[in-house]
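# Commentary on secondary and tertiary structure
Take a look at the letters that make up each chain.
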Amino acid sequence: LLVKKDRDSGKITTLSRAHWQAVIDVNLTGATWIVRDAVAKMAADEIEAGVIVNMSSLSRHGNRGQSNYVAAKAALAANTVTWAREFAPFRIRVGALAPGLIETPMTQNMHGPAREALVKTIPLGRIGEPHDVWLGVKFIIENDYFTGRCIDIDGGLHVLGVDGDGLAAALGCGEADLLHQLLQHRVQAPGADVLHPVVDVGGQIRDLADGVVSELD
């Protein structure tokens, strides 16, 4: 929380600048510099068509206890629109995905009752699969008339306006696992480049593997 009262001592505490900056550095600054350098290379190479796929989060709509994470993911979604306008002259489209609760080893290890309670809040009645998110990535890549939008892949969760600490924790987990699974997939889009964005697990991952920019077969 940005400001909270300690339950035991009654003392008012605040989110530290270090904790704020750590999440911003990973989720916004890192992603922005990757986009900048990837687009600069694609523009210099005068590619025929390019695609940037940003990974936002359902938390971008606002979530209690996630001021830093919400700010970063909301900014990334907003910049998807900004970059779509800026990069269009280079024939580069920009899209984003905002996953909700997605099945990964981390979500599989969630406390049973808490997991069941979360699933009951999802209108489609199940946790999403990595393949559900991949279908969103595939759509953005293959639809050459799509740009400047962020797609929520959440089983309808946001429609209900669900909030709370439990959901905040769920939405912030498992994204690294999800990214690694997404990287195993390829779609046919000759001449296009895809930027896989920086992701984190609840703001705790500080670095990702190399090779985030890959050409499609």
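Summarised in this report is the structure supplied together with it. (Residues numbered from 1 in each chain as written. Predicted model: local features only at pLDDT ≥ 70, side-chain atom pairs only at ≥ 80, totals over all residues. Heavy atoms only, no water.)

This part is about the overall build of the protein. Within the protein, the secondary structure is distributed over seven helices and seven strands. For the protein, the sequential pattern of α-helices and β-strands runs β-β-α-β-α-β-α-α-α-β-α-α-β-β. Of all 217 residues assigned to the protein, the portion counted as buried reaches 46%. Taking the contacts inside the protein whose residues are at least 6 apart along the sequence as the reference set, 76% of them involve residues at least 24 apart. Of the accessible surface of the protein, which amounts to about 11,300 Å², a share of 54% is contributed by carbon and sulfur atoms. (Helix = DSSP H or I, 4+ residues; strand = E, 2+ residues; numbered from the N terminus. Buried < 20%, exposed > 50% of the residue type's maximum accessible area, 1.4 Å probe, protein only. Contact = heavy atoms within 4.5 Å. Areas by Shrake-Rupley, 256 points an atom, 1.4 Å probe, with all protein chains shown as cover.)

So, about the side chain of glutamate 103. Inspection of the secondary structure assignment puts glutamate 103 in the loop between β4 (92-99) and α3 (105-108). With residues up to four places along the chain from it excluded, the contact list for glutamate 103 reads Gln108, Arg115, Ile127, Gly128, Glu129 and Pro130.

In an α-helix, one turn spans 3.6 residues, which is why side chains three or four residues apart end up on the same side. Its 21 residues give helix α2 (residues 67-87) an end-to-end C-alpha distance of 29 Å, which sits within 8% of 30 Å, the value for a rise of 1.5 Å per residue. Asparagine 79 marks where α2 bends most, by close to 25°. When we look at burial in α2, the residues that qualify are Asn68, Tyr69, Val70, Ala72, Lys73, Leu76, Ala77, Thr80, Trp83, Ala84 and Phe87. (Expected span 1.5 Å × (residues − 1). Bend = angle between axes of the 7 residues up to and from the residue.)

Take the nonpolar core next. Counting residues in hydrophobic clusters, the biggest one holds 13 residues, and the most contacted among them are Val39, Met42, Ile52, Phe87 and Ile92. Sorting the residues of this core by element identifies α1 (17-44), α2 and β4 as the ones contributing at least two each. Ranked by residue count, the leading element in this core is α1, at five residues. Residue contacts for isoleucine 92: discarding those within four places in its chain leaves Val39, Met42, Ile47, Gly50, Val51, Ile52 and Phe87. In this structure, Leu97, Val137, Ile141 and Phe146 belong to the second largest nonpolar core, which totals twelve residues. (Core = buried A, V, L, I, M, F, W, Y, C linked by side-chain atoms within 4.5 Å.)

We now examine a nonpolar patch on the surface. A cluster of nonpolar residues, Leu2, Val3 and Ile12, forms a patch on the protein surface that exposes about 290 Å² of accessible area. Along the polypeptide, valine 3 turns up in strand β1 (residues 3-5). (Patch = residues over 30% accessible without salt bridge, like charges linked within 9 Å, V, L, I, M, F, W, Y side chains within 5 Å. Salt bridge = Lys/Arg side-chain N within 4 Å of Asp/Glu carboxyl O.)

Turning to the pattern of salt bridges, a few remarks are in order. What the rule picks out here adds up to five salt bridges. Between aspartate 45 and lysine 41 there is a salt bridge, with its nearest N and O atoms 2.5 Å apart.

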